[in-house]
Amino acid sequence: MYAKVGDNVTLPCHLVPPFNVSNLTIEWRFKSKNIYVYRSGAKDNETSDQNYTNRAFMFHDEFEIGNISLTLTNVTKKDNGSYTCRVLNNQVKKGNVTLIVDENGAQGNRTAPGGTDDDIGGGAISGGAIAGIVVGVIAGLLLLAFIIYCAVCCKKGKQRCSVFPPLCNNCQHEPGRNDGEQNGNGNPGDKAEEIPLHNMEQPNQRVDESSPLS
């Protein structure tokens, strides 16, 4: 999460799946200090860091839907660092959010990764990012299917597959051969041309030549 000096910033923290935390204890910690503690239905001013009085706020009306985000006002460079939100129930559930105060401010706003368990999330993937991932996956699958189809067709000799020549070496017709020879359906008469001429001589031709002259 990014902010500029003097900005108001909300550190996101949501329970997943959402449930009512109105009767539970909630803590926001920063540099080993409790900057905001919610207990028994109200803020616990005695255990909350006094340096954050009137600077740190939570959305009490959204505790029923599991929103335990914290808003900091008038941030300074001293607010740089990692914040931890914790819900104390039968077991401790916690998540981390990192705040970076620099000159870019909200233009580079993002939730820092890491430190969250399965029950508390510091943010969510945007709808645009999800759409981009889905489109990329579909495009990749279509391309893979096309390459496989082209390779199979070429192997069977059904098409030349000029789109991907390296995949289709087997589908190029050999020069000088007709389709009948490739498919094994050539005319039987064509084979006669390969028979040596001496095998085609008439058997009585030599008898005539060897007969004595009258």
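This one's a predicted model, so the numbers in the text were calculated from it and none came from an experiment.

Draft legend 1. Focus on the nonpolar core. Core analysis: the biggest nonpolar cluster contains 28 residues, and L11, W28, I68, L70, L72, Y83 and L99 have the highest contact counts within it. If you list the elements that add at least two residues to this core, you get β2 (9–11), β4 (25–30), β5 (33–39), β7 (56–58), β8 (70–72), β9 (81–88) and β10 (92–101).

Draft legend 2. Quick peek at the sheet that holds β8. Spatially, β2-β8-β7 is the arrangement adopted by the three strands of the open sheet, whose pairing is antiparallel. Each edge of the open sheet is held by one strand with a lone partner, namely β2 and β7. In this sheet, adjacent strand axes meet at a mean angle of 30° when their direction is disregarded.

Draft legend 3. Inspection of the state of the cysteines at higher detail. Tallying each qualifying case throughout the model produces one disulfide. Note on cysteine connectivity: C13 is disulfide-linked to C85, with sulfurs 2.0 Å apart. What sets the handedness of the C13 and C85 disulfide is the S-S torsion sign, and at about 55° it is right-handed. One end of the pair, C13, is in the loop between β2 and β3 (14–15); the other, C85, is in strand β9, with 72 residues separating them in the sequence. This pair shows no difference in class: C13 is buried, exactly as C85 is.

Draft legend 4. Highlighting the side chain of N67. Among the secondary structure elements, N67 is positioned in the loop between β7 and β8. Using a relative accessible area of 8% as the deciding quantity, one classes N67 as buried. Only 2.4 Å separates the side chain of N67 from the side chain of E62, close enough to count as a polar contact. Within polar-contact distance, the side chain of N67 engages the side chain of S69 at 2.7 Å. In this structure, N67 is in contact with C13, H14, F59 and E62, ignoring residues within four places of it in sequence.

Draft legend 5. The packing of aromatic side chains, seen in detail. This structure, assessed with the given rule, holds two aromatic pairs. Ring centres of F30 and Y83 lie 4.1 Å apart, and the angle between their planes is 10°; on these two criteria the pair is classed as stacked. Residue F30 is located in strand β4, and its partner Y83 is located in strand β9; the two are separated by 53 residues in the primary sequence. Under the relative-accessibility criterion, F30 is labelled buried at 4%. What makes Y83 buried here is its relative accessible area of 0%. Considering the side-chain rings of Y38 and F63, the 4.6 Å spacing of their centres and the 80° angle between planes classify their relative orientation as edge-to-face. With Y38 in strand β5 and F63 in the loop between β7 and β8, this residue pair connects regions lying 25 residues apart in the sequence.

Draft legend 6. Looking closely at the sheet that holds strand β1 (residues 2–3). In space, the six strands of this open sheet follow the order β1-β10-β9-β4-β5-β6, with mixed pairing throughout. Single-partner strands in this sheet number two, and they are β1 and β6 (42–43). The pairing of β4 with β5 spans five bridges and is antiparallel. Following the sheet pairing, F30 is matched in β5 by K33.

Draft legend 7. Spotlight on the pairing of β9. With six bridges joining them, β4 and β9 adopt antiparallel strand pairing. Pairing of T25 across the sheet is with L88, part of β9. With eight bridges joining them, β9 and β10 adopt antiparallel strand pairing. Looking at β10, one finds that S82 is bridged to T98.

Draft legend 8. Spatial organisation of the pattern of salt bridges. Considering all chains together, one arrives at three salt bridges under this definition. Of the charged contacts, one joins R86 and E27 as a salt bridge, the two residues approaching to 2.5 Å between their closest N and O atoms. Pair noted here: R86 is in strand β9 and E27 is in strand β4, with a separation of 59 residues, a long-range link. The exposure class assigned to R86 is partly exposed, which follows from its relative accessible area of 23%.

Definitions and cut-offs
Residues numbered from 1 in each chain as written. Predicted model: local features only at pLDDT ≥ 70, side-chain atom pairs only at ≥ 80, totals over all residues. Heavy atoms only, no water. Core = buried A, V, L, I, M, F, W, Y, C linked by side-chain atoms within 4.5 Å. Buried < 20%, exposed > 50% of the residue type's maximum accessible area, 1.4 Å probe, protein only. Helix = DSSP H or I, 4+ residues; strand = E, 2+ residues; numbered from the N terminus. Pairing = 2+ DSSP bridges. Axes fitted to C-alpha atoms, helices over the stretch in contact; angles between N-to-C directions. Disulfide = S-S within 2.5 Å. Polar contact = N/O pair within 3.5 Å; in protein donor to acceptor, adjacent residues only side chain to side chain. Contact = heavy atoms within 4.5 Å. Phe/Tyr/Trp six-rings, centres within 6.5 Å; stacked < 30°, edge-to-face > 60°. Salt bridge = Lys/Arg side-chain N within 4 Å of Asp/Glu carboxyl O.

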